[in-house]
Amino acid sequence: MSVLYILVLASIAVAAFFLAAYVWSVRNDQFEDNKGAALRMLQDDEPTKQ
Amino acid sequence: MPITDTERKTIIIRKEEKDHNCYHCGTPCITNSIAIDDKLFCCEGCKLVFEILNENGLCDYYKLQSHPGLSQIKPTRNDKYAYLDNEAIASKLYSFTDGNNTVVTFYIPGVHCASCMWLLEHMHKLNEGIVESRLNFTSKEVTIRYSQNKISTRQVVELLTTIGYEPYISLDDAERKLSRNYNKQRIYKLGVAGFCFGNIMLMSFPEYLSTDLGIEHQYAFLFRILNLVLALPVFFYSASEFFASAWAGLKQKILNIDAPIVLALIITFSRSIYEIATNTGSGYLDSMTGIVFFMLIGRIVQERTYQSISFHRDYKSYFPIAVNVVTPTGIETRNLQDLKERDIVEVYNEELIPADAIIIKGTGRVDYSFVTGESEPVTIETGKMLYAGGRQKGEKLVVQVLKPVAASYLTSLWNHNAFTKDKADNNNRDSIIHKLSKYFTVILMGMAAVTAVYWAINDPAKILPSVSAMLIVACPCALLLAATYTNGNLLRILSDNGLYLRDATVIEQLGNIDHIVFDKTGTLTQDSNRYSFKGHQLSVEEKGWVYNIAAHSSHPYSKALVNALGIYPASGADGWEEIAGKGVKGRVGANSIWVGSKAFVGIDDMPDGQPAAYIRINEEVTAFYITPVFRESIPQMVPLLAQDYELSLLSGDNNRQEKTLQELFGRKSVLLFEQKPLDKLTYIEHLQQANHKVLMVGDGLNDAGALQQSNVGITLADDINNFTPSCDAILDAGQFGKLPSLLKLARSGRYIIYFSFIISILYNLVGLGISMTGNMSPMIAAILMPLSTLTIVLVTTGAGSLMGLRAGLSLKSK
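Residues numbered from 1 in each chain as written. Chains lettered and ligands numbered in written order. Predicted model: local features only at pLDDT ≥ 70, side-chain atom pairs only at ≥ 80, totals over all residues. Heavy atoms only, no water.

Participant: Kindly report on the overall build of chain A, identifying the contributing residues and their values.
Facilitator: Scanning chain A from terminus to terminus reveals two helices and zero strands. Across the 50 residues of chain A, 24% fall into the buried class. Summing over all exposed atoms, chain A offers an accessible surface of approximately 4,100 Å²; the carbon and sulfur share of this is 66%. (Helix = DSSP H or I, 4+ residues; strand = E, 2+ residues; numbered from the N terminus. Buried < 20%, exposed > 50% of the residue type's maximum accessible area, 1.4 Å probe, protein only. Areas by Shrake-Rupley, 256 points an atom, 1.4 Å probe, with all protein chains shown as cover.)

Participant: Could you give an account of the overall build of chain B, with specific residues and numbers?
Facilitator: Scanning chain B from N- to C-terminus turns up 27 helices and 28 strands. Across the 814 residues that make up chain B, the buried fraction comes to 53%. Restricting the contact set of chain B to residue pairs at least 6 apart, pairs at least 24 apart contribute 67%. In the structure as shown, chain B presents an accessible area of about 36,900 Å², 56% of it carried by carbon and sulfur atoms. (Contact = heavy atoms within 4.5 Å.)

Participant: Go over the sheet that holds strand β16 (residues 499–501) of chain B, please, and point to the residues and values.
Facilitator: All names here are of chain B. If you trace the seven strands from one edge of the open sheet to the other, you get β16-β28-β27-β26-β17-β24-β25, paired in mixed fashion. The two strands at the open ends of the sheet, each matched to only one other strand, are β16 and β25 (670–672). Strand-to-strand, the axes of this sheet are offset by a mean angle of 20°, without reference to chain direction. In terms of strand pairing, strand β17 (residues 515–519) meets strand β24 (residues 646–650) through five bridges, oriented parallel. Bridge pairing links phenylalanine 518 to leucine 649 in β24. (Pairing = 2+ DSSP bridges. Axes fitted to C-alpha atoms, helices over the stretch in contact; angles between N-to-C directions.)

Participant: Before we move on, can you summarise the packing of aromatic side chains with the specific residues and values?
Facilitator: Residue and element names in this part refer to chain B. Applying the stated rule across the entire model yields 14 aromatic pairs over all chains. Judged by centre distance (6.2 Å) and plane angle (90°), the rings of phenylalanine 236 and phenylalanine 269 are edge-to-face. Of the two residues, phenylalanine 236 is situated in helix α9 (residues 217–238) and phenylalanine 269 in helix α11 (residues 258–277); the sequence distance between them amounts to 33 residues. Using a relative accessible area of 57% as the deciding quantity, one classes phenylalanine 236 as exposed. (Phe/Tyr/Trp six-rings, centres within 6.5 Å; stacked < 30°, edge-to-face > 60°.)

Participant: Report on the side chain of asparagine 548 of chain B, specifying residues and quantitative values.
Facilitator: Residue and element names in this part refer to chain B. The topology assignment puts asparagine 548 in helix α19 (residues 540–550). At 3.0 Å, the side chain of asparagine 548 forms a polar contact with the backbone oxygen of glycine 544. Discounting residues that sit within four places of it in the chain, asparagine 548 has contacts with Pro569, Ala570, Ser571 and Gly572. (Polar contact = N/O pair within 3.5 Å; in protein donor to acceptor, adjacent residues only side chain to side chain.)

Participant: Provide a residue-level description of the sheet that holds strand β6 (residues 141–147) of chain B, including the pertinent values.
Facilitator: Where strands meet in a sheet, backbone hydrogen bonds hold them as pairs that are either parallel or antiparallel. Residues and elements named next belong to chain B. Pairing is antiparallel across the open sheet formed by four strands, whose spatial order is β3-β4-β6-β5. Edge strands, defined here as strands with exactly one partner in the open sheet, are β3 (94–97) and β5 (130–136). For this sheet, the mean inter-axis angle between neighbouring strands, taken without regard to orientation, is 15°. Pairing between strand β4 (residues 101–107) and β6: seven bridges, direction antiparallel. Bridge pairing links threonine 102 to tyrosine 146 in β6. Across the sheet, helix α6 (residues 153–162) touches β3, β4, β5 and β6, and the angle it forms with β6 is around 135°.

Participant: So, the interface of chain B and chain A: which residues are in play, and what are the values?
Facilitator: Taken together, the 31 residues of chain B in the interface contact 24 residues of chain A. Both sides of the chain B and chain A interface together cover about 2,500 Å² of buried area, and 61% of this is carbon and sulfur. The largest per-residue losses of area from chain B upon contact with chain A belong to Tyr188, Phe195 and Tyr219 of chain B, which jointly make up 24% of the total buried on that side. Counting across the chain B and chain A interface gives one salt bridge. In this structure, the salt-bridge partner of arginine 40 of chain A is glutamate 121 of chain B, at a minimum N-O distance of 2.7 Å. On the surface where chain B and chain A come into contact, there are four residue pairs in polar contact (both at pLDDT 80 or more). Elements that contribute at least two residues to the side of chain B that touches chain A include exactly α5 (114–120), β5, α8 (184–209) and α9 of chain B. It is α8 of chain B that contributes the most residues to the side of chain B that touches chain A, nine residues altogether. (Buried area = accessible area lost by both parts, 1.4 Å probe. Salt bridge = Lys/Arg side-chain N within 4 Å of Asp/Glu carboxyl O.)

Participant: For the pattern of salt bridges, give the residues involved together with the corresponding values.
Facilitator: Residue and element names in this part refer to chain B. Within the structure shown, the criterion is met by 18 salt bridges over all chains. A salt bridge links arginine 299 to aspartate 258, with the shortest nitrogen-to-oxygen separation between them at 3.0 Å. Residue arginine 299 is found in helix α12 (residues 285–302), and its partner aspartate 258 is found in helix α11; the two are separated by 41 residues along the sequence. By the burial criterion, arginine 299 is buried, and aspartate 258 matches it. Among the salt bridges present, the one from glutamate 275 reaches arginine 271, with a minimum N-O distance of 3.0 Å. Of this pair, glutamate 275 and arginine 271 are both found in helix α11, four residues apart, which corresponds to roughly one turn of the helix. Taking the relative accessible area as the measure of exposure, glutamate 275 reaches 10% and is therefore buried. Residue arginine 271 is classed as buried on the basis of its relative accessible area, which comes to 16%. Overlapping salt bridges bring together Arg186, Lys189, Glu241, Asp258 and Arg299 as one network.

Participant: Account for the packing of α12 of chain B against helix α17 (residues 477–496) of chain B, with residues named and values stated.
Facilitator: Residue and element names in this part refer to chain B. Two numbers describe how α12 lies on α17: the axes approach to 8 Å, and their chain directions differ by 30°. The angle between α12 and α17 places the two elements in the roughly parallel class. In the crossing of α12 with α17, the sense of the turn from one axis to the other is left-handed. Here α12 contributes Ile291, Phe294, Met295, Ile297, Gly298, Arg299, Val301 and Gln302 to the contact with α17, which in turn contributes Cys477, Leu480, Leu481, Ala483, Thr484, Tyr485, Asn487, Gly488 and Leu491. Residue composition of the contact of α12 with α17, by class: eleven nonpolar, five polar and one charged. (Parallel < 35°, antiparallel > 145°, perpendicular 65-115°, else oblique. Left-handed = near helix turned anticlockwise from the far one by under 90°. Nonpolar A, V, L, I, M, F, W, Y, C, P; charged D, E, K, R; others polar.)

Participant: Now, about the pairing of strand β15 (residues 397–401) of chain B: what can you tell me, with residues and values included?
Facilitator: All names here are of chain B. The element β15 is extensively covered by neighbouring structure, given that four of its five residues are classed as buried. For strand β9 (residues 344–347) and β15, the ladder comprises four bridges, and the chain directions are antiparallel. Residue pairing across strands places valine 347 opposite leucine 397, the latter belonging to β15. As paired strands, strand β10 (residues 357–361) and β15 are joined by four bridges and run antiparallel to one another. Counterpart to alanine 357 in the pairing with β15 is valine 401.

Participant: Now, about the nonpolar core: what can you tell me, with residues and values included?
Facilitator: Membership of the largest hydrophobic core comes to 56 residues, with the highest contact counts inside it found for Leu265, Ile291, Val292 and Met295 of chain B. Those residues in contact with methionine 295 of chain B that sit more than four places away from it in its chain are Phe242, Ile261, Cys477, Leu480 and Leu481 of chain B. In terms of nonpolar packing, the next biggest core, distinct from the first, is built from 54 residues, Leu39 of chain A together with Cys22, Ile321 and Ala322 of chain B among them. (Core = buried A, V, L, I, M, F, W, Y, C linked by side-chain atoms within 4.5 Å.)

Participant: Can you break down the packing of helix α1 (residues 3–27) of chain A against α8 of chain B residue by residue, with the values?
Facilitator: At a minimum axis distance of 10 Å, the contact between α1 of chain A and α8 of chain B shows a crossing angle of 165°. Taken together, the axis directions place α1 of chain A and α8 of chain B in an arrangement best described as roughly antiparallel. The handedness of the crossing between α1 of chain A and α8 of chain B is right-handed. Contact with α1 of chain A, carried on its side by Val8, Ile12, Ala15, Ala16, Leu19, Tyr22, Val23, Val26 and Arg27 of chain A, involves Lys184, Ile187, Tyr188, Leu190, Gly191, Val192, Phe195, Asn199 and Met203 of chain B of α8 of chain B and no other residues of that element. In terms of residue class, the contact of α1 of chain A with α8 of chain B is made up of 14 nonpolar, two polar and two charged.

Participant: For unusual backbone geometry, give the residues involved together with the corresponding values.
Facilitator: All names here are of chain B. Not every positive phi belongs to a glycine, and glutamate 674 is a case in point at roughly 50°. With respect to the secondary-structure elements, glutamate 674 resides in the loop between β25 and α24 (677–689). The exposure class assigned to glutamate 674 is exposed, which follows from its relative accessible area of 52%. Even without glycine at this site, asparagine 691 takes up a positive phi of about 70°. With respect to the secondary-structure elements, asparagine 691 resides in the loop between α24 and β26 (694–698).

Participant: Please give an account of the environment of methionine 117 of chain B that cites residues and values.
Facilitator: Mapped onto the elements of the fold, methionine 117 of chain B is located in helix α5. Judged by relative accessible area, methionine 117 of chain B falls into the buried class, the value being 0%. Considering only alpha carbons, one finds methionine 117 of chain B and tyrosine 61 of chain B, 56 residues apart in sequence, at a separation of 9.2 Å. Beyond its immediate sequence surroundings of up to four residues, methionine 117 of chain B is in contact with Gly36, Leu39, Arg40 and Gln43 of chain A together with Leu135 and Phe137 of chain B.

This is how it looks when you write it as structure tokens:
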């Protein structure tokens with residue numbers, strides 16, 4: 001049953017990773033402009049110069 | 001059915017129109033002479049933009065959306081942005097600079113589609129000095145990084161203007177650096193609370209299912225310790241704003257809703273520590289973290305902010321950032337704040353007069369609608385006084401400043417004590433939530449005392465457990481949740497229907513309104529009046545005669561008539577005479593002309609419908625009508641509102657439309673004309689002293705005082721992203737007709753809160769009953785807490801949406 005210790009720690013570690021990802025995305029202003037990203041995606045890449 | 005000739009013609013015309021729209025902006029082309037290849041343009045401006053984009057290989061702009069541009073018909077003055085060459089002024093706009101590399105953020109009102117974004121983010125192709133540009137589409141702000149050695153700030157702004165995206169730069173930008181971190185802290189707190197709550201729930205699960213520590217003892221202890229560790233950040237970090245608010249309230253000797261919540265949190269936390277430390281139980285950490293999590297969500301939902309809408313603008317947002325001052329050494333651009341008495345300033349067409357001043361050169365044709373609400377532009381001769389806030393329409397003026405900006409007539413309104421109050425703070429104090437929570441706390445304390453006394457007599461060992469359990473269960477978090485979720489849902493419904501509130505405290509105020517005050521110009525009416533003539537048709541020559549007679553009179557009807565006629569050469573009149581209150585007469589050549597009242601022109605039978613004035617040329621008579629152009633929904637809406645509310649109308653205009661308006665508003669309503677901004681404010685103050693709750697609906701800077709003084713000030717805006725004076729709410733002018741429904745919904749908010757409060761009290765009674773008998777187990781607490789939260793969330797959102805539907809509002813978000 002001592003495998004439980006590992007499992008508990010692993011589950012908390014995974015959840016903590018997601019918390020860190022969340023904090024990072026907020027800090028990175030990813031929620032500042034909800035519409036912009038959707039439109040930016042529609043733009044074509046610039047043609048490469050010959 | 002065969003198509004008739006007229007129908008065929010219309011079809012053909014329609015088709016032609018379609019092909020003759022400007023390639024750049026889509027405006028129908030008046031001439032077809034401005035063209036490149038097969039592409040037509042409405043003006044040289046649009047053609048220029050196309051040429052610039054074409055040269056730089058940026059024509060993808062037109063592929064993302066057809067006609068994406070903005071019409072360039074209105075040209076901008078060449079040296080409009082000369083003031084940006086003055087480094088002291090320009091540097092106020094920078095968010096970063098090292099002397100060369102500079103970052104600037106501009107607000108660009110014209111941004112509206114994918115093409116806009118594409119072009120603004122490809123500005124580096126137009127000028128190599130621009131390193132990078134990035135657009136925040138939601139807030140319409142473009143952040144540009146450029147090298148000052150290669151391109152000046154003025155050139156950047158002029159480049160934006162040339163391609164059709166003129167930034168809006170105002171005094172406000174210079175004084176205030178944008179801070180965007182307003183509620184990020186709360187979002188972090190929510191994340192932390194969610195993480196801890198979820199994990200604590202998982203670890204508490206074995207405990208719920210086992211009655212007598214069915215899991216092995218070592219794990220039970222591990223889980224409890226982990227729970228405690230996870231609860232620490234929730235208690236000390238996520239819940240910190242509740243502590244701060246409760247403490248702030250206590251310092252002012254106010255028992256706000258956060259006080260009993262904080263009490264419950266502290267007791268729950270310390271009892272949980274005690275139980276875990278003594279190994280007597282697992283505590284209530286799951287409930288505690290859960291409630292913090294849900295309360296934070298409620299607060300976030302309630303405090304939704306609308307990016308790109310600002311509720312806190314004063315005159316500074318309207319005024320230019322700098323002005324052209326004439327000095328002995330030439331023209332110098334100067335900061336608006338540095339403008340001193342006796343400075344000589346140039347004011348161009350369409351520019352605001354920055355300070356109270358006297359005209360030295362030129363004739364002013366000034367639109368004061370900003371300041372007074374009077375819709376007709378006023379002609380002001382050289383040597384006469386001008387007031388700050390008027391907009392010059394016509395030739396360039398040279399004026400001498402009489403008072404510095406902050407002391408001018410318009411801006412002195414902001415020194416009134418109505419502007420020193422914090423309305424959100426006042427609203428909060430009046431809120432029913434805080435009144436309810438006060439009673440709640442007192443009753444709760446009483447019951448805790450009764451329980452303590454009871455157990456002291458029967459079984460003293462149970463005092464602490466039962467009293468603490470009671471305080472935990474009776475935490476008024478349900479009340480807070482009810483209020484925040486109700487408000488959050490109502491805010492959403494209101495904004496979907498075009499009413500944007502500054503914050504949630506406005507909802508309750510809006511529900512208490514019993515008197516509505518309207519501004520006239522710009523609010524009830526569109527900006528212009530409709531003019532019409534009946535009777536004798538005036539020829540062009542005759543119009544010229546009438547013009548010459550009426551132009552010299554300063555009576556508002558004469559001014560309106562001059563406006564309606566258009567501009568004619570001045571030829572002078574013989575025997576010109578004005579009889580006050582009656583009319584003007586005179587002769588042009590051999591023709592006698594009268595303009596004035598029925599008796600004055602000397603006629604008796606003419607078409608009625610209350611013409612403003614009669615015109616008589618020799619024996620021919622024409623009637624002149626001025627009709628206000630009401631906004632579409634006004635004629636139906638005003639009588640509807642008159643059933644439930646007292647109405648008043650305050651107009652900066654003269655009373656020429658009084659009859660029409662009195663019919664519309666009904667006998668009981670008060671109509672006041674020629675109201676100055678301060679008069680409007682005082683009128684509202686009087687109503688409030690008579691215990692009325694006043695809603696002010698206005699639109700311009702001239703209403704700013706009244707909007708601030710009123711209990712709720714709504715600004716009507718044709719474009720919600722436009723610049724509106726400081727107010728509590730902004731209403732999309734297209735949705736004006738929904739105002740009665742919106743008010744009804746706001747009123748129902750209070751009942752929804754009462755209703756969910758009763759539900760939460762029922763839950764509390766059940767919980768209290770269990771804990772008073774000393775039987776509360778973590779399992780029951782863990783079920784009751786989420787269940788009551790869920791019920792309240794469902795009830796508040798469901799009831800809000802139902803009320804919205806019943807009031808005839810749409811629930812679909814745009």
